[in-house]
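Examination of the molecular architecture
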Amino acid sequence: MDSFRFLPELFFSISLVFGLCFAADPFVNLQWELSYITVSPLGVKQQVIAINGQFPGPIVNVTTNNNLNVDVTNKLDEDLLITWNGIQHRRNSWQDGVQGTNCPIPNGWNWTYQFQVKDQIGSFFYFPSLNFQRAAGGYGGIIVNNRAIIPVPFGTPDGDITLLIGDWYNRNHTALRKTLNDNKDLGMPDGVLMNGKGPYRYNSTLVPAGIDYESINVHPGKTYRIRVHNVGVSTSLNFRIQNHNLLLVETEGSYTVQQNYTSLDIHVGQSYSFLVTMDQNASSDYYIVASARFVNETLWTRVTGVAILHYSNSKGNVSGPLPDPPDDFYYKSFSMNQARSIRWNLSAGAARPNPQGSFKYGQINVTDFYLMEIKPPAVINGKRRTTLNGISYVNPDTPLRLADQYKLKGLYTLDFPTKPLVGPPHLGSSIINGTYRGFMEIVFQNNDTTVQSYHMDGYAFFVVGMDYGEWTENSRGSYNKWDAVARSTTQVFPGAWTAILVSLDNVGVWNIRAENLDTWYLGQEVYIRIVNPEATNKTELPKPDNAFYCGKLSYLQKTQEHKSSASSVMVGGVKLFILLFLSSIAIFQ
C-alpha cells in the first residue's frame, strides 16, 4: 500500500505540469472541410475550392510557439494535401504537406496536422499542394503574432488586413492541368483576384458589370497593417494603393528596415507586411491595384486586380485612371534594385529577445554549394517538362520521409548534381544529401525567359545577392554579408541569378521548388534530405500516429475511423497526459 502513498502528490504534479505546458504553449484547434463551391469571380461561373464554405479560406491567427491542430476533411473528388508556405515546422517535416513527405488525404477521409509555430513571427499563407489545386483556391493567410514579452519594432496598428492577390483563370484546375499534360502553355490569365473577388469596374470596356469586388473600410488618420500574399499561378504583380505610401515592415517572418514604397513588385509565393496610414482627404475612395509585371502590359491590361480603399468619411466613389505602374522601360534594373533594397532590421528582435542581427551569417564558412540552372521547358520522352540542372523531378509513389522510416531502397538517389549536367535533360528522383548543421550556398541561374520564384520548406534563407548575367565565383564579391533579409521565397529574374545562404539545422526531408505552379507541376523541384548522424530523438519528432501509408507501404493502411476534430484533439491530450504521468512516476522513483 505504501506505493500508493504518493498518488495525491503525483496527480498534483501531473496537473501542475499539464497546466503549465498548456499555459506556456497554448493549443489552437481548427476544423476544416475542403469542398467545391460555385462562384463567379470574373463573371463566369466556375468551380473553386472552399474551406468551410469560404473562398478564400479562413485566416489562421496564432502566436509564436502556439501548437496548431488543423483537422482537415477532404470532400474533393481527388487526393489532397495542405502545405504551410513559410512555416518552418521545426524538427517536424512530417507535417509539411507536400508529396515528398506525406501520403495524400483520400477523398472522404480526414487528417489532423499537428505542429508548433516554433520561434516564428510574421506573415505566411497555406494552400493545397497537389494536382494544381491552388489554381482553384483552397488558400488563406497565416498570421503569427509576437508573444507579449517580445517588443515589435513599430507601434500597434489600428487594424490588421490580409490581401490575397493572384492571377486567375476561368478554366478550373483540372482543365489547366490537362492543358499542361497535353504539352501546351496555359496562356494569358483571365484576370487578377483580390481576396477571391474580381476587379472594381474602373473601366467599362475591360471589366463587365456585376462583378463583386473587394472593399476595405478604414478610418481617417488611422494606421493599418496590410499583409499581401501573391497566391497566384505564375504572374508577378505590382501592388500599389493610390496616393498612399507603403511602409514595408516585415516579409515572411523577418522584420525589415522600414522604407516607404509607392509600389512593390510581389512575385508568386511571396508575402509582405506594410503599414499604411490613412492620411489623405476623403473627397473619394482610392484604388488598390495589383497589375501584371514582366509581360506585354498593353496586351495584359485586363489582367489587373482592383479593390477599393474606402474611408469612413468618403464623399463618393473613386473614378478616373488607375495609378501608374513602374515605368522601367529605360530602367531594366528597377525591380531588381527594389528587391535589393529590402534589408533585415538588425536592431529588432523577432520570436526571441535577441536582435535578428546577432546571427552573423556572413562569417560562417560554406560547406555545400549548388548552382541550379533553370531552363525553358524541354521535351523529355515525348512530354513537355521543366528541369533543374537538367533533371525533371518525378515523385516516387512512396513519400521520401516515409521510405526512410521503413528503410525502403531504390526509390530515390542521393546524387543531385551540384552544377548543371552536360547532356540531354532526363526524368529522375535525385535529391540533395544535405550536411546536418552545414551551411549551404545555392545559386539559382535563370536562363528561362520568365521570372521564377523559388521556395524552400522548413527554412528561412538569406537572400545575399542577385544580378543579371551568368553567375561566376567572382559574383560572391557583390554578396550582402551583413543585413540580407531572411525569408523563404525569392524571385529569380530572367537572364539573371539569385544567391541564397541557408543554415541546415532542421532535420527532415524538405522541398525546394518553383512557386510558379506550371513550372512546379512540370518537374522543377528537388528535395533536400538532412539527417543527424547521431542517433537521437531530440532533433526530429517521431512519425505521427496518424500518418497515412501509400505506395509500397499501402498494405499498412487501415480503414479510417472517422472522428470529429474535438475527439482527435482529446485523444492527443490523453496521450500527452499519459506521457506526463509516466514522466512524473520516473521523477518520484
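Residues numbered from 1 in each chain as written. Predicted model: local features only at pLDDT ≥ 70, side-chain atom pairs only at ≥ 80, totals over all residues. Heavy atoms only, no water.

Here we look at the overall build of the protein
Scanning the protein for helices and strands turns up six helices and 33 strands. A compact globule built from 589 residues would reach a C-alpha radius of gyration of about 25 Å, and the protein, at 24 Å, matches this within 12%. By principal-axis analysis of the C-alpha atoms, the protein measures approximately 85 × 65 × 50 Å. Counting only residues that meet the buried cut, the protein has 56% of its 589 residues in that class. Of the contacts made within the protein by residues no fewer than 6 positions apart, 78% connect residues no fewer than 24 positions apart. Summing over all exposed atoms, the protein offers an accessible surface of approximately 24500 Å²; the carbon and sulfur share of this is 53%. Placing the 46 positive and 47 negative side-chain charges of the protein at their respective mean positions leaves the two points 2 Å apart. (Helix = DSSP H or I, 4+ residues; strand = E, 2+ residues; numbered from the N terminus. Rg over C-alpha atoms; globule rule 2.2 N^0.38 Å. Buried < 20%, exposed > 50% of the residue type's maximum accessible area, 1.4 Å probe, protein only. Contact = heavy atoms within 4.5 Å. Areas by Shrake-Rupley, 256 points an atom, 1.4 Å probe, with all protein chains shown as cover. Lys, Arg positive; Asp, Glu negative; His and termini not counted. Charge placed at Lys NZ, Arg CZ, Asp CG, Glu CD.)

Examining the state of the cysteines
Scanning the model with the defined rule gives one disulfide in all. The residue that forms a disulfide with Cys103 is Cys550, at a sulfur-sulfur distance of 2.1 Å. Negative torsions about the S-S bond denote left-handed disulfides, and the value of about -85° found for Cys103 with Cys550 makes this one left-handed. Here Cys103, found in the loop between strand S5 (82-85) and strand S6 (110-116), pairs with Cys550, found in the loop between strand S33 (525-531) and helix H6 (565-588); they are 447 residues apart in sequence, far enough to count as distant. Cys550 matches Cys103 in its accessibility class, with the two residues each being buried. (Disulfide = S-S within 2.5 Å.)

With respect to the pattern of salt bridges
Taken as a whole and assessed by the stated rule, the structure comprises 21 salt bridges. Across the pair Asp185 and Arg384 runs a salt bridge, and its minimum N-O distance is 3.6 Å. Residue Asp185 is found in the loop between helix H2 (173-181) and strand S10 (191-194), and its partner Arg384 is found in strand S22 (residues 383-385); the two are separated by 199 residues along the sequence. Glu441 is the salt-bridge partner of Arg476, the closest N and O atoms lying 3.1 Å from each other. With Arg476 in the loop between strand S28 (461-468) and strand S29 (486-487) and Glu441 in strand S26 (residues 439-446), this residue pair connects regions lying 35 residues apart in the sequence. On the basis of relative accessibility, which here comes to 28%, the residue Arg476 falls in the partly exposed class. Connected through salt bridges with shared partners, the residues Arg134, Asp457, Arg513 and Glu515 form a single ionic network. (Salt bridge = Lys/Arg side-chain N within 4 Å of Asp/Glu carboxyl O.)

Things to note about the side chain of Ser475
As for its position among the elements, Ser475 is in the loop between S28 and S29. Assessed through its relative accessible area of 12%, Ser475 is described here as buried.

Some remarks on the nonpolar core
Ranked by size, the top nonpolar core spans 54 residues in total, and within it Met372, Ile432, Phe444 and Ile528 carry the most contacts. Ile241, Ile342, Leu371 and Ala499 belong to the second largest nonpolar core, which has 49 residues in total. (Core = buried A, V, L, I, M, F, W, Y, C linked by side-chain atoms within 4.5 Å.)

Re the sheet that holds strand S14 (residues 246-251)
Through backbone hydrogen bonds, the strands of a sheet pair up, either in parallel or in antiparallel fashion. On the basis of which strands lie adjacent, the open sheet formed by six strands has the order S10-S9-S12-S17-S14-S15 and mixed pairing. The strands lining the two open edges of the sheet, one partner per strand, are S10 and strand S15 (254-261). Pairs of neighbouring strands in the sheet enclose a mean axial angle of 25°, with direction left out of account. One ladder, built from seven bridges, connects strand S12 (residues 223-230) with strand S17 (residues 271-277); its direction is antiparallel. (Pairing = 2+ DSSP bridges. Axes fitted to C-alpha atoms, helices over the stretch in contact; angles between N-to-C directions.)

Things to note about empty space enclosed by the protein
Using the criterion set out here, one finds three cavities of 30 Å³ or more in the structure. Considering only enclosed or pocket space, the largest cavity measures out at about 90 Å³ in volume. Around the largest cavity sit Leu81, Trp94, Thr101, Asn102, Cys103, Ile105, Trp111, Tyr113, Leu402, Pro544, Ala547 and Phe548, which together line it. Residues that form the lining of the largest cavity fall into these classes: 10 nonpolar, two polar and no charged. (1 Å grid on protein atoms, 1.4 Å probe; cavity = no way out; pocket = protein on both sides within 12 Å on 5 of 7 lines; lining within 4 Å. Points joined across faces, edges and corners; volume = space filled by probe spheres on them. Nonpolar A, V, L, I, M, F, W, Y, C, P; charged D, E, K, R; others polar.)

Re the pairing of strand S25 (residues 432-435)
Judged by which residues are buried, S25 turns out to be one-sided: Ile432 and Gly434 face inward and are buried, whereas Asn433 and Thr435, on the alternate face, are not. In this structure, S25 lies alongside S33, joined through four bridges in parallel fashion. Among the inter-strand pairings, Asn433 is bridged to a residue of S33, identified as Arg529.

As for the confidence of the model for the protein
Model confidence for the protein is summarised by a mean pLDDT of 91, while 91% of its residues fall at 70 or above. Across residues 1-23, confidence stays below pLDDT 50; counting only partners more than four residues off in sequence or on other chains, it has 19 contacts. The low-confidence segment residues 564-589 (pLDDT under 50) makes 28 contacts with residues lying over four places distant or belonging to another chain. (pLDDT = per-residue confidence, 0-100.)

What about the environment of Ser453?
Looking at the element boundaries, Ser453 is found in strand S27 (residues 452-456). For Ser453, a relative accessible area of 1% corresponds to the buried category. When the C-alpha positions of Ser453 and Val507 are compared, they lie 24 Å apart, and in sequence the two are 54 residues distant. If sequence neighbours within four positions are ignored, Ser453 has contacts with His267, Val268, Thr489, Thr490, Gln491, Arg513, Ala514, Glu515 and Asn516.

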